[in-house]
Amino acid sequence: MALDRQEPNDKLLEQFGRQILVPGIDEQGQLQLSKRKICIIGMGALGTIASQYLVRSGIGEVHLIDPDTVEESNLHRQINYSLNDIGKYKSEISQNILNSINDVTTISSFPTTFEEYLKEQAIDHFDLIFDCTDSHQNKIFSSKYCKKKFISFVSISINSSDGIYFSQNYKNQNKTSSCFECLFPQSKYDHRCLNSAMIGPVAGFVTSLACTKIIFALANQDLRLKSEICLIDLLTSDINKLQLAGIKCPH
Ligand SMILES: [Zn+2]
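Residues numbered from 1 in each chain as written. Predicted model: local features only at pLDDT ≥ 70, side-chain atom pairs only at ≥ 80, totals over all residues. Heavy atoms only, no water.

Chemist: Please clarify how the sheet that holds strand β8 (residues 238-243) should be interpreted in this entry.
Modeler: Whenever strands of a sheet pair, they do so through backbone hydrogen bonds, lying parallel or antiparallel. Read across the open sheet, the 8 strands follow the order β3-β2-β1-β4-β5-β6-β7-β8; overall the sheet is mixed. Each of the sheet's edge strands pairs with one partner strand only, and the pair in question is β3 (106-110) and β8. Averaged over all adjacent pairs, the angle separating strand axes in this sheet is 15 degrees, with direction ignored. The strands touched by helix α3 (residues 45-56) are β1 (37-41), β2 (61-65), β3, β4 (128-131) and β5 (152-159); relative to β1, the strand with the most contacts, the crossing angle is about 160 degrees. (Pairing = 2+ DSSP bridges. Helix = DSSP H or I, 4+ residues; strand = E, 2+ residues; numbered from the N terminus. Axes fitted to C-alpha atoms, helices over the stretch in contact; angles between N-to-C directions. Contact = heavy atoms within 4.5 Å.)

In structure tokens form, the structure reads like this:
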């Protein structure tokens, strides 16, 4: 929903005043956020937390993509759902609960895969794709798609007590920028929800790190997203950061 022309900045100040106080965001950044469009792929543990933080930050348009329905085993970590939602589409439940958070963000839900979604939707004008799936193949596909279309890309994954954050600012880079497959040809992070070890707080930590970087990048006029990998181990409190300059993608 577009901001009312009569009172644009007053309304943003009222809704997002505390966020506007943050150096690097300010009033101009908040206005920029309200014009941004993003996709969140995967509405599991990572995607539900991401949807809460990113919608609440006042991003203009958010598409939620996930073909799955809610299962009871999801509830200990997927914060948009409750017992009443079992059997319903995750993307649609998430849209319903997020719709009433503010009148700045337009939310759409797509109970389908990212590949199928792309057959119906033109997203060339989107600012960022955030892959929150637990599928290695999906991350390879979505990163290559973003690279081809020059759309900024962020992916996160978790397993037990550790996680990986990966970002590429394909918007401002050339064709040799690395894709997800360059960095992660195979992955121990590829799993289906029911069989893998997970606790909610790990999803919360890794997603919070990603959302912080995403909010700052989207608030910046030039979408200044660093291309990097963070390896996070919550049991040892280690976060290792690698810059991605100099890796050339053969894919
Ligand atoms: Zn590659």
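Chemist: Sorry if this is basic, but what is going on with the pairing of strand β6 (residues 162-168) here?
Modeler: Each regular strand carries side chains that alternate between the two faces of the sheet. Most of β6 is tucked away: 7 of the 7 residues are buried. Covered by surrounding structure in β6 are Asp162, Ile164, Phe166 and Gln168 together with Gly163, Tyr165 and Ser167, the residues of both alternating faces. Linkage of β5 to β6, two consecutive antiparallel strands, is achieved through a turn of 2 residues, within which Ser160 is found at a positive phi near 50 degrees. Relative to strand β7 (residues 228-233), β6 runs antiparallel, the two being bridged by 6 bridges. Across the sheet, Tyr165 pairs through a bridge with Cys230, a residue of β7. (Buried < 20%, exposed > 50% of the residue type's maximum accessible area, 1.4 Å probe, protein only.)

Chemist: Help me understand the side chain of Gln168 in this model?
Modeler: Relative to the helices and strands, Gln168 is located in strand β6. Here Ser227 takes part through its side chain, which lies 2.8 Å from a polar atom of the side chain of Gln168. In contact with Gln168, not counting residues within four places along its chain, are Ser152, Phe153, Gln173, Ser177, Ser178, Leu225, Ser227 and Leu244. (Polar contact = N/O pair within 3.5 Å; in protein donor to acceptor, adjacent residues only side chain to side chain.)

Chemist: I'm lost on the packing of aromatic side chains in this one. Help?
Modeler: Each aromatic ring pair is characterised by the separation of its centres together with the angle its planes make. Under the definition given, this model contains 9 aromatic pairs. Pairing Phe114 with Phe141 gives two aromatic rings, centres 6.0 Å apart and planes at 75 degrees, and the pair type is edge-to-face. Of the two residues, Phe114 sits in helix α5 (residues 114-120) while Phe141 sits in helix α6 (residues 136-149), which places them 27 residues apart along the sequence. For the ring pair Phe114 and Tyr145, a centre distance of 5.9 Å and an interplane angle of 85 degrees mean the geometry is edge-to-face. Separated by 31 residues along the polypeptide, Phe114 in helix α5 and Tyr145 in helix α6 bring together distant segments of the chain. Take Phe114: its relative accessible area is 1%, and that puts it in the buried class. (Phe/Tyr/Trp six-rings, centres within 6.5 Å; stacked < 30°, edge-to-face > 60°.)

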